[in-house]
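Structural description and commentary
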Amino acid sequence: MGAELSIWMFPAAFLLIFLGIPVAFSLLIVAVLFAFPFFGSLTGLQLYQFVGSVSSNYSLAAVPLFIFMGAVLESSGIGRRAFDALSMWMGPLPGGLAFATMAMCTLFAAGTGVVGAVEVMTGLLVIAPMRAAGYSKSLISGTVCAGGSLGTMIPPSIVIVIYASVAQVPIGVLFGAVLVPGFLMVGLFLVWIVIYALIWPQEAPRVRFGQHMPLGRKLVFTAYALFPPMVLVTAVIGSILMGVAAVTEAAAIGAIGAVLLNILYRDFGWRDTWEATVKTATVSSMIIFVALGGTMFTSIFKLQGGAHLVNAAVSSLDLEAAGLVIMLLLAYFIAGMVLDWISAVLICTPIFMPFLQSAGVDPMWFGVLAVIMLQTSYLTPPMAPAVFYLKGIAPPDFSTMTMYRGVFPFIICQFLTAAAVFVFPEIAMIVPDMVAR
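Residue positions are counted from 1 within each chain, in the order its sequence is given. It should be noted that, the model being predicted, local features are given only for residues of pLDDT at least 70 and side-chain atom pairs only at 80 or more, the latter also being counted only at that level, while totals for whole chains, interfaces and linings use all residues. Neither water nor hydrogens contribute to the side-chain values; these are computed over all heavy atoms in the structure.

**Remarks on the packing of aromatic side chains**
Geometry of an aromatic ring pair is reported as the spacing of the ring centres plus the angle between the planes. What counts, and what does not: Paired rings are identified among Phe, Tyr and Trp, the last through its six-membered ring, by centres lying within 6.5 Å, and are further divided according to the angle between planes into stacked (under 30 degrees), edge-to-face (over 60) and tilted (the rest). Only DSSP runs of H or I with at least four residues qualify as helices, and only runs of E with at least two residues qualify as strands; both kinds are numbered from the N terminus onward. Think of it in three bands: residues with accessible area under 20% of the maximum for their type are buried, residues over 50% are exposed, and the middle band is partly exposed, with areas taken using a 1.4 Å probe on protein chains only. Only when the NZ of Lys or the CZ of Arg is both within 6 Å of the ring centre and within 35 degrees of the ring normal is a charge said to sit over the ring.
On inspection of all chains with the given rule, the structure shows 13 aromatic pairs. Between the aromatic rings of Phe-10 and Phe-297, the centroid separation amounts to 5.1 Å while the plane-to-plane angle is 75°, which identifies the pairing as edge-to-face. Taken together, the residues span a long stretch of sequence, with Phe-10 in helix H2 (residues 9-18) and Phe-297 in helix H14 (residues 270-303) at a distance of 287 residues. Look at Phe-10 and you get partly exposed, because its relative accessible area is 25%. When the ring of Trp-192 is compared with that of Tyr-196, the centres are 5.8 Å apart and the planes differ by 70°; the resulting orientation is edge-to-face. Of this pair, Trp-192 and Tyr-196 both sit in helix H11 (residues 171-199), four residues apart, roughly one helical turn. Judged by its relative accessible area of 7%, Tyr-196 is buried. An aromatic cluster is present here, built from Phe-10, Phe-297 and Phe-301 joined pairwise through their rings. The ring of Tyr-265 has Arg-81 lying over it, and the distance from NZ or CZ to the ring centre is 4.1 Å. Against the face of Trp-89 rests Lys-218, its NZ or CZ located 5.8 Å from the ring centre.

So, in structure tokens, the structure goes:
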């Protein structure tokens, strides 16, 4: 009876989500309701233990620090200066402003780790100058959305931190594993931008910013705009990969470094710092609540016998390891379209890990593929959270269909990246193997 009851947990959760109840509370409500037939009057006491286990999870301690780092950088003028410097050098290239936008997104994805923050910050900075230069709305939309999605893929991504903590794999090693696939994806994005600019040059014109500025002054401004944030990003990620600092320690370095950068650039203000602190507390609380709801949900699902049902269903398919991986990645992709990425990771990962272990699949390699799938679902219609983030900051004449058309080629690039990592797993292990030597 319990196993049959567990089947209804997912429809019940989706119903509450579609009714407008926040994901965290939807998962908590369903977990409590379906735990009651099992525990009765002891339900509250039994579920309370999850509060302690989630709140004491050491891996999650890095999350507020990375969020604070991103919030401080987001409130500063670092993004504007970086875009000006990159546009000055890349503007004369085909699709140069889109190049500069993607480069800035890559830099700030490594500086924030928060999905959505990169996209909103970048969109507010680049939409106006790209429109003024004559860029098409579809290319602007696709570039900003795809660049913003890199916050999922480029370390110190919060998605990776959550996955690693649930899958019980080293966070630092997983950070290294996603680096080469992440930059491969950025490379494919840039290839599409060049192709677009060459086929439709009038929709991605070359521009020349600061052409009358002396070379020496250009170099000084570029170093001033880009060198300090690159040092910060390198210090955070490099200290983790080299084993100099734990993830939480590196996150603390990033948080302090972001404040020092604001002081260096004279962007520091107590009000902005307070707002960044409030934002950190708000986003961190949301993540912890979702983590708590997801942990309770999957635990009750397993307790009710749901894991046995899933095991029986998967076993009946008699899939080889490759087929199993593809099926589980498809589940991640669908979950990422319906749920937020934290919920997708917290619900799917504990259920899928036993199958991966029995099939001898490397959880590190699978983690890279899972992150790519979640990132791709972030762009994929009809849900496409990236499009709705952009819709909130874009001018009124940017239609949803225009945005969908803009992101479609970048979705293809993401699937190509996933296919490359699937066929050549060594792509994901280049950096971890180098660091281990």
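Anyway, onward from the coordinates.
**Some details on a nonpolar patch on the surface**
Operational definition: In this scheme, patches are assembled from residues that exceed 30% relative accessible area and form no salt bridge. Like charges are connected within 9 Å, while nonpolar side chains (Val, Leu, Ile, Met, Phe, Trp, Tyr) are connected within 5 Å. Surface exposure here means Shrake-Rupley accessible area, sampled with a 1.4 Å probe, where a residue is shielded only by the protein chains that are shown. Should a side-chain nitrogen of Lys or Arg be within 4 Å of a carboxyl oxygen of Asp or Glu, the pair is scored as a salt bridge.
Judged by side-chain polarity, Ile-256, Leu-260, Ile-263, Phe-268 and Trp-270 come together as a nonpolar surface patch covering roughly 580 Å² of accessible area. Broken down by element, the nonpolar patch gets its largest block of residues, three residues, from helix H13 (residues 247-264). Looking at the secondary structure, you find Ile-256 in helix H13.

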